[in-house]
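Observations on the three-dimensional arrangement
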2 protein chains.
Amino acid sequence: MPNLFAVVLAGGSGTRFWPASRKSRPKQLLALAPGDPQSLIAATIRRIEPLCPPERVLVATGAHLVDATRRALPWLPESAFLGEPVPRNTAPCIAWASSLIHRRDPEALVMVLPSDHYIGDEPGFRAVVERAVDSARTAITTIGIEPARPETGYGYIEAAEELAPGVRRVARFIEKPDRERAEQYVASGRHFWNSGMFFFRASEMLEAVRAHLPELAAGLERLEIAARAGTAAEERELAELFPRFPAISIDYGVMERAGQLHVVPGSFDWNDLGSWQSAWELANKDGDGNALDPGALSVRGRGNLVRDLRTARTPRVVALAGVDDLCVIETDDALLIIPRERAQEVRLVVEALEQAGKKQLL
Amino acid sequence: MPNLFAVVLAGGSGTRFWPASRKSRPKQLLALAPGDPQSLIAATIRRIEPLCPPERVLVATGAHLVDATRRALPWLPESAFLGEPVPRNTAPCIAWASSLIHRRDPEALVMVLPSDHYIGDEPGFRAVVERAVDSARTAITTIGIEPARPETGYGYIEAAEELAPGVRRVARFIEKPDRERAEQYVASGRHFWNSGMFFFRASEMLEAVRAHLPELAAGLERLEIAARAGTAAEERELAELFPRFPAISIDYGVMERAGQLHVVPGSFDWNDLGSWQSAWELANKDGDGNALDPGALSVRGRGNLVRDLRTARTPRVVALAGVDDLCVIETDDALLIIPRERAQEVRLVVEALEQAGKKQLL
């Protein structure tokens, strides 16, 4: 699709999939999709290649992650990587990327994609993306996933009337609901999971930023002026400006303040891979619901996830007996044991290690 | 104490403390007592040294374990080690050892001790042993441990009237009780844990064997005759006879058929170390009841046991989050995860490995 650019968001603190993920190796750099040896970010970019070639992909990540991210995506040009000097949530980096794209093509359409989600049905996904790109010609558009279950871990989008086939107006964004409301949403037919994917004309996004985040818009103008003096000047300006940008998400900063928003519902197999619990959901499991790496065994136990991510694979057995619904994750320097339903609490381990000064484990 | 000999029982299949224990390294060869770097069998023999010097100690073990056991007890003479050609439970080996001791000293008193229990109060233990040895001059005697809690994992001895200060007649032996009966036993003042320790005159034991296990008695006589022809002849005879001995415990084969039995109650700190659960009971614990080896951490979890028994201690963290009452045991080639209250089920893991043909892990 000509004029279509992708901005792939690749920040991340590396806590949710600890000990596999680290500060220097966040989730998107891991191969967490079952049967796929690619990193999630590589899969993300390969998935959209039929719609958007490598030279129109930008990857926004933390400055400290640029080298590792580049190594994961060796086929992308050097200029594809945007390193944020400090983390400032999504609005500044999406606005910055939109500004860069707008300089290259004032007619550009932009899709913003998370780099660390799982998508099962790729042709189905691309069909929905094409519809969203079309919709983005008239208004900022998001993709809403048809809810497969009453998930309480996701945000939802409530859709209003249909504006065109497969395109609806957004009534409102909804925070993670409780179980009862989630069940109502699944039954309603007008609530969708918030996929975190956005589609817009670069010019429309920049207008919206000027309207709702004027400080940020002013900064982007200074950046554009500095860029005319050369790359070194632009980088100096960036390092000075970025820390002063408001740390605000694109959802709060722009989307919820925008006038008309569109949502394109999609039903491709999708998972935000929010924790080891999600990894278990996606994994191939035996008759007892255990997802075990080779060398692991479980007796009288159900629903366990065992991942052996050691690089030095000395022969070793991991034996679970009488244990249910547990995640057991091994790396060269760490072993994590956590109940699946409490997998979010892995951050407490990371905090404890941080407090103990164990930087090499973070 | 002159005339006093010790027979230390050191068989064992190596399953209960897997993966630390193995067929070739059963429990008594491990250092499982907190703060004591000695193996349990070494501690057992050192503990009785004030009463019974090394030259009057016999260690009965499986033929395949003699070398490893000797290495654990380098100060004992070569002749101390009796290797059973095949496992035949406790009656044959105790009778055989009694016969050997009787040849050396017809007046001998014998104490039979398990090699793999924990005893906290050693002077207290020796005082009880001395009383039991005295009692053994008139009848086969056992030590009964005053129950510290309503334990359902132990057998009990019901005591009858006092025969001498601190010596009571045995009314009966009782199998592992349910919780309710265990509580009654603790309250009764006349029920004691069966310690598996026996004291007797060698001549009395041999008489009892002749009376209740005549086949075994006949075998022992043939062995004695062969011994007069030299060690080689004795070993040949042993290899031929042992497999034909009845596989029966001393409890069933002799004790319960004997006339008068004595029990000497004792209250020294004792634990049969029956499983990783026992190891947790004995271990030093933090305020949340966690017994963690260095390099382990637990957040929002209670009652866990983490043992890192790897020989190559590359720096590594074992992190438990939101996990309660779990045993996590690591060796170089295995990692076991099992709930404390199901620690007995480790045998299911050993069986599964056996069925999978993983001999190197057994």
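Here the residue index of a chain counts from 1 through its sequence in written order. Starting at A for chains and at 1 for ligands, labels are handed out in the order in which the entities are written. It should be noted that, the model being predicted, local features are given only for residues of pLDDT at least 70 and side-chain atom pairs only at 80 or more, the latter also being counted only at that level, while totals for whole chains, interfaces and linings use all residues.

Our focus in this paragraph is helix H1 (residues 40–48) of chain B. Residue and element names in this part refer to chain B. Residues with at least 20 other C-beta atoms within 10 Å of their own are called buried, those with 12 or fewer are called exposed, and the rest are partly exposed. The C-beta atoms themselves are positioned from the backbone. Working definition: helices are DSSP H or I runs of at least four residues, strands are E runs of at least two. Numbering for both runs from the N terminus. Burial analysis of H1 places seven of its nine residues in the buried class, which makes it a mostly covered element. All of the buried residues in H1 are Leu 40, Ile 41, Ala 42, Ala 43, Thr 44, Ile 45 and Ile 48. Two residues qualify as a contact pair if the distance between their C-beta atoms, derived from the backbone, is within 7 Å. Packing partners of the buried residues in H1 comprise strand E1 (4–10), strand E2 (57–62), helix H2 (66–72) and strand E4 (109–114).

Residues and elements named next belong to chain A. Judged by how many residues are buried, strand E16 (residues 326–330) sits mostly within the fold: five of five residues are covered. Note on pairing: DSSP must find at least two bridges between two strands before they are called paired. As judged from the four bridges shared by strand E14 (residues 305–308) and E16, these two strands associate in the parallel manner. From the neighbouring strand, Leu 305 faces E16, where its bridge partner is Cys 327. Bridging between E16 and strand E17 (residues 334–339) involves five bridges; their strand directions are antiparallel. The residue of E17 that forms the bridge with Glu 330 is Leu 335. What sits between E16 and E17 in their antiparallel hairpin is a turn of three residues.

Backbone torsion omega between Trp18(A) and Pro19(A) reads 5 degrees, so that peptide bond is classified as cis. The topology assignment puts Pro19(A) in the loop between strand E1 (4–10) and helix H1 (40–48). The phi angle at Leu273(B) is positive, at roughly 50 degrees, despite the residue not being glycine. Along the chain, the position of Leu273(B) falls in the loop between strand E11 (270–271) and helix H10 (276–282). Backbone geometry places Asp325(B), a non-glycine residue, at a positive phi of 55 degrees. For Asp325(B), the position within the fold is in the loop between strand E15 (317–321) and strand E16 (326–330). Judged by local crowding, Asp325(B) falls into the partly exposed class, with 17 C-beta atoms found within 10 Å.

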